[in-house]
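Structural overview for review
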Amino acid sequence: MRAAGRQPVLSGRTDVGVGETITAMSAGTLPKPQMRGLLAKRLRFHIVGAIIVSLGVAASYKFGVAEPRKKAYADFYRNYDSMKDFEEMRKAGIFQSTK
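Residues numbered from 1 in each chain as written. Predicted model: local features only at pLDDT ≥ 70, side-chain atom pairs only at ≥ 80, totals over all residues. Heavy atoms only, no water.

Turning our attention to the overall build of the protein chain. Helix and strand counts for the protein chain stand at two helices and zero strands. Counting every atom, the protein chain has about 9500 Å² of accessible surface; 62% of that belongs to carbon and sulfur. (Helix = DSSP H or I, 4+ residues; strand = E, 2+ residues; numbered from the N terminus. Areas by Shrake-Rupley, 256 points an atom, 1.4 Å probe, with all protein chains shown as cover.)

Here it is as structure tokens:
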């Protein structure tokens, strides 16, 4: 018999509340944990995921940033007249060596 208000202690466990019972799993046995190759299996999964994510980010950067930037530069330099731009800057007084 146990004293009133005292928690049952079974194989070192003290987290069982008053009135709770611990039942053993009699329905079956637990599967054995994987002890060999666990790191390799997890690394394979995470490396494949990292490669897929990095390819997605690279593709989105290429088509979302690099290609529009190249198009903008091409459009700007298609009709750019450097001599006209130079004359406008010279007339504005930006250059000190030319009058």
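Here we come to helix α1 (residues 38-78). With 41 residues, α1 should reach 60 Å at 1.5 Å per residue; the first-to-last C-alpha distance of 58 Å fits that figure. At K62, α1 shows its maximal kink, close to 35°. (Expected span 1.5 Å × (residues − 1). Bend = angle between axes of the 7 residues up to and from the residue.)

As a further point, take a nonpolar patch on the surface. The grouping of L39, L43, I47, I51 and L55 at the surface amounts to a nonpolar patch, some 510 Å² of accessible area in total. Counting through the fold element by element, L43 comes out in helix α1. (Patch = residues over 30% accessible without salt bridge, like charges linked within 9 Å, V, L, I, M, F, W, Y side chains within 5 Å. Salt bridge = Lys/Arg side-chain N within 4 Å of Asp/Glu carboxyl O.)

In this structure the tally under the stated criterion is five salt bridges. Across the pair D75 and K71 runs a salt bridge whose closest N-O atoms are separated by 3.1 Å. Placement of the pair is D75 and K71 together in helix α1, with a separation of four residues, close to one helical turn. Exposure remark for K71: the relative accessible area of 55% places this residue in the exposed category. The closest approach of N and O atoms between R90 and E87, which form a salt bridge, is 2.8 Å. Of this pair, R90 and E87 both sit in helix α2 (residues 82-92), three residues apart, roughly one helical turn. (Buried < 20%, exposed > 50% of the residue type's maximum accessible area, 1.4 Å probe, protein only.)

Right, let's talk about the packing of aromatic side chains for a bit. Scanning the model with the defined rule gives four aromatic pairs in all. Their ring planes at 85° and their centres at 5.6 Å tell us that Y77 and Y80 sit as a pair that is edge-to-face. A residue is classified by how much of its surface remains accessible, and Y80, at 34% relative accessible area, is partly exposed. Pairing F86 with F95 gives two aromatic rings, centres 5.4 Å apart and planes at 35°, and the pair type is tilted. Here F86 falls in the partly exposed class, since its relative accessible area comes to 28%. Residue F95 is classed as partly exposed on the basis of its relative accessible area, which comes to 31%. A cation over a ring is seen here: K62 above F63, with NZ or CZ 5.7 Å from the ring centre. (Phe/Tyr/Trp six-rings, centres within 6.5 Å; stacked < 30°, edge-to-face > 60°. Lys NZ or Arg CZ within 6 Å of the ring centre and 35° of its normal.)

Attention now moves to the environment of E67. Inspection of the secondary structure assignment puts E67 in helix α1. With relative accessibility at 28%, the residue E67 sits in the partly exposed group. A distance of 2.8 Å separates a polar atom in the side chain of E67 from a polar atom in the side chain of K62. (Polar contact = N/O pair within 3.5 Å; in protein donor to acceptor, adjacent residues only side chain to side chain.)

Nothing here speaks to function; it is all geometry.
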